[in-house]
Amino acid sequence: MTESDRPQPHVAVPLNGYWTEWSARAARNAAPGWAALVGEMAGLQDTFAAAAPPPEAVAEARSLVEQTRAVLARHEVGDDDQWFGRFLPAPDRGQTFSPPIRLTGITEHALAGKTMFGRFHSGNNSAAHGGGIALLFDDLFGRLVSVGDIPPARTASLSVNYRSVTPLDEPLAVEASVAEVDGRKLYLTGTLRHGDRLCADATALFLTLRPEQIRPAEAEAPPG
Ligand SMILES: CCCCCCCCCCCCCC(=O)SCCNC(=O)CCNC(=O)[C@H](O)C(C)(C)COP(=O)(O)OP(=O)(O)OC[C@H]1O[C@@H](n2cnc3c(N)ncnc32)[C@H](O)[C@@H]1OP(=O)(O)O
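Note that residues are indexed from 1 along each chain, following the sequence as it is written. Thresholds applied to this predicted model are a pLDDT of at least 70 for local features of residues and 80 or more for the giving and counting of side-chain atom pairs; totals over whole chains, interfaces and linings are not thresholded and use all residues. Side-chain descriptors were evaluated using all non-hydrogen atoms of the structure, hydrogens and water having been removed beforehand.

**Q** Looking at this structure, I do not really get the overall build of the chain. What am I missing?
**A** Across its full length, the chain holds four helices and eight strands. When the helices and strands of the chain are placed in sequence order, the string is α-α-α-β-β-β-β-α-β-β-β-β. Referenced to the eigenvectors of the C-alpha coordinate spread, the extents of the chain come out at roughly 60 × 55 × 25 Å. Three labels apply to residues, based on accessible area from a 1.4 Å probe with only protein chains included: buried if under 20% of the type maximum, exposed if over 50%, partly exposed otherwise in between. Classification of the 224 residues of the chain by burial places 37% in the buried group. Expressed as a percentage of contacts within the chain between residues at least 6 apart in sequence, the contacts between residues at least 24 apart total 71%. To be clear on the numbers: accessible area is Shrake-Rupley with a 1.4 Å probe, and residue cover counts the displayed protein chains and nothing else. Summed over its atoms, the accessible surface of the chain is roughly 12600 Å², and 57% of this surface lies on carbon and sulfur atoms. As used throughout, the charge tally considers Lys and Arg to be positive and Asp and Glu to be negative, leaving His and the chain termini uncounted. The location of each charge is read from NZ of Lys, CZ of Arg, CG of Asp or CD of Glu. Distance between charge centres in the chain, computed from 20 positive and 27 negative side chains, equals 3 Å. Helix and strand definitions here come from DSSP, where helices need a minimum of 4 consecutive H or I residues and strands a minimum of 2 consecutive E residues; each element is numbered from the N-terminal end. In what follows, residue pairs with any heavy atoms lying within 4.5 Å of each other are defined as contacts.

**Q** Just to check I follow, could you spell out the nonpolar core for this structure?
**A** One recurring pattern in soluble globular proteins: nonpolar side chains tend to sit buried together. In this description, a nonpolar core means a group of buried Ala, Val, Leu, Ile, Met, Phe, Trp, Tyr and Cys residues linked to one another through side-chain atoms lying within 4.5 Å. Membership of the largest hydrophobic core comes to 31 residues, with the highest contact counts inside it found for Phe117, Ile133, Phe137, Phe141, Leu188, Leu192 and Phe206. When residues of this core are traced back to their parent elements, those giving at least two are strand S1 (101-106), helix H4 (130-144), strand S5 (153-162), strand S6 (172-182), strand S7 (185-194) and strand S8 (197-208). Here the element with the most residues in this core is H4; it accounts for seven residues. If you look at the next biggest cluster of nonpolar residues, it comprises five residues, including Ala30, Trp34, Val38 and Phe87.

**Q** Looking at this model, I keep getting lost on the packing of aromatic side chains. Mind explaining?
**A** How two aromatic rings sit relative to each other is set out by the distance from centre to centre and by the angle between their planes. Aromatic rings from Phe, Tyr and Trp, with only the six-membered ring used for Trp, were paired whenever their centres fell within 6.5 Å, and each pair was classed as stacked if the ring planes differed by under 30 degrees, edge-to-face if by over 60, and tilted otherwise. The tally for this structure, following the rule as stated, stands at five aromatic pairs. Ring centres of tryptophan 19 and tryptophan 22 lie 4.8 Å apart, and the angle between their planes is 85 degrees; this geometry places the pair in the edge-to-face category. Of the two residues, tryptophan 19 and tryptophan 22 are both situated in helix H1 (residues 17-29); the distance of three residues between them amounts to about one turn of the helix. An identical accessibility class is assigned to tryptophan 19 and tryptophan 22; each is buried. Ring centres of phenylalanine 141 and phenylalanine 206 lie 6.4 Å apart, and the angle between their planes is 75 degrees; on these two criteria the pair is classed as edge-to-face. Residue phenylalanine 141 is found in helix H4, and its partner phenylalanine 206 is found in strand S8; the two are separated by 65 residues along the sequence. Here phenylalanine 141 and phenylalanine 206 have matching classes, each one buried. Ring pairing ties together the aromatic residues Tyr18, Trp19 and Trp22, which thus form one cluster.

**Q** So what exactly am I meant to see when it comes to the side chain of aspartate 139 here?
**A** Counting through the fold element by element, aspartate 139 comes out in helix H4. Assessed through its relative accessible area of 9%, aspartate 139 is described here as buried.

**Q** Is there a simple way to explain the UniProt feature "domain: Thioesterase" (unreviewed entry) in the chain in this structure?
**A** Mapped onto this numbering, the UniProt entry gives "domain: Thioesterase" (unreviewed entry) at residues 128-197. For residues 128-197, the helix share is 21%, the strand share is 47%, and the end-to-end C-alpha distance is 15 Å. UniProt positions are given in the numbering used here, feature names are shortened, and annotations may be inferred rather than shown by experiment.

**Q** Just to check I follow, could you spell out the sheet that holds S1 for this structure?
**A** Two pairing modes exist for strands in a sheet, parallel and antiparallel, and in both the strands are linked by backbone hydrogen bonds. Strands pair, by our definition, only if DSSP identifies at least two bridges between them. Strands sit in the order S1-S2-S6-S7-S8-S5 across an open sheet of six strands; the sheet is antiparallel. Only two strands of the sheet have a single neighbouring strand rather than two, namely S1 and S5. Strand-to-strand twist across the sheet, computed as the mean angle between neighbouring axes with direction ignored, equals 20 degrees. All axes here are fitted lines through C-alpha atoms, helices being fitted over the stretch that makes contact, and every angle between N-to-C directions spans 0 to 180 degrees. The sheet strands contacting H4 are S1, strand S2 (110-115), S5, S6, S7 and S8, and the helix crosses S5 at an angle near 135 degrees.

**Q** Sorry, what's going on with the site of the ligand here?
**A** Near is defined per residue: the residue qualifies when any heavy atom it owns lies within 4 Å of the molecule or strand. In the neighbourhood of the ligand, 20 residues make up the surrounding shell, with Asp138, Arg154, Arg184, Lys185 and Gln213 lying closest. Within the side chain of arginine 154, a nitrogen or oxygen atom sits 2.7 Å from an oxygen atom of the ligand. In isolation the ligand has 1300 Å² of accessible area, and contact with the protein removes 56% of it. Broken down by secondary-structure element, the contributors of at least two residues to the shell around the ligand are H4, S5 and S8. Classifying every residue of the shell around the ligand gives seven nonpolar, five polar and eight charged. In protein, a polar contact requires one atom able to donate a hydrogen and another able to accept it; more generally it is a pair of N or O atoms within 3.5 Å, and residues adjacent in sequence count only if both atoms are side-chain atoms. The nonpolar class holds Ala, Val, Leu, Ile, Met, Phe, Trp, Tyr, Cys and Pro. Asp, Glu, Lys and Arg form the charged class, and all remaining residues, Gly among them, are polar.

Okay, structure coming up:
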């Protein structure tokens, strides 16, 4: 998958106050070029998964990756201060774990978007790994419960039905909606389609957190 194949920036996301601050803090602190580095890392994962290099190329690539790790390791921080995954308005959220989702429509109770699995998420036979599909749904549902006035919530259960194989390097459509709210319980449903074909559907129970279960989003690390 080349950079131009990746989902492009999406509609503005009306995040709840907690996630707005959590995300804004990373955006305030992140070095220029961080978002581009995330894109390179995602591309590297797909290229790595697709490569069968000769020994000299293996040695060269390993040396370059070792050097990159050493550079980044000099700047390790605790997870409160990491930038990875915290760029919530971006399709990839600033992370390389799950595929980017470009949102095309969003309300407090539903969202729709486009996504694509690359070689990194391959299971076998040019199809996406089932665990990767579960990951995609968890991320999608996580985004859905982060908009509007819904307090921070966590996945309590997630169930996926694999209806047909999900192709790699093909545009896919996702939809998710809140089916029912019962106190802290949010019952969610979602679909993943390739064209008219249903690849998978999912249901989940998310629970909004009690105040004592929430870590402050705005906690700054001590200076120095
Ligand atoms: C758009 C861009 C924005 C992006 C923003 C963010 C991006 C992020 C994207 C990534 C997002 C990724 C998101 C992630 O991956 S979140 C990470 C994965 N999830 C977890 O780690 C959760 C771990 N579990 C817990 O923390 C607790 O168990 C929770 C908080 C879930 C509940 O513990 P708590 O002590 O609070 O509650 P309770 O035990 O008193 O239960 C309360 C009620 O709920 C019912 N119940 C509980 N469990 C289940 C169950 N499994 N099935 C059916 N029912 C269940 C229970 O019977 C009771 O019902 P009732 O007796 O009251 O009737």
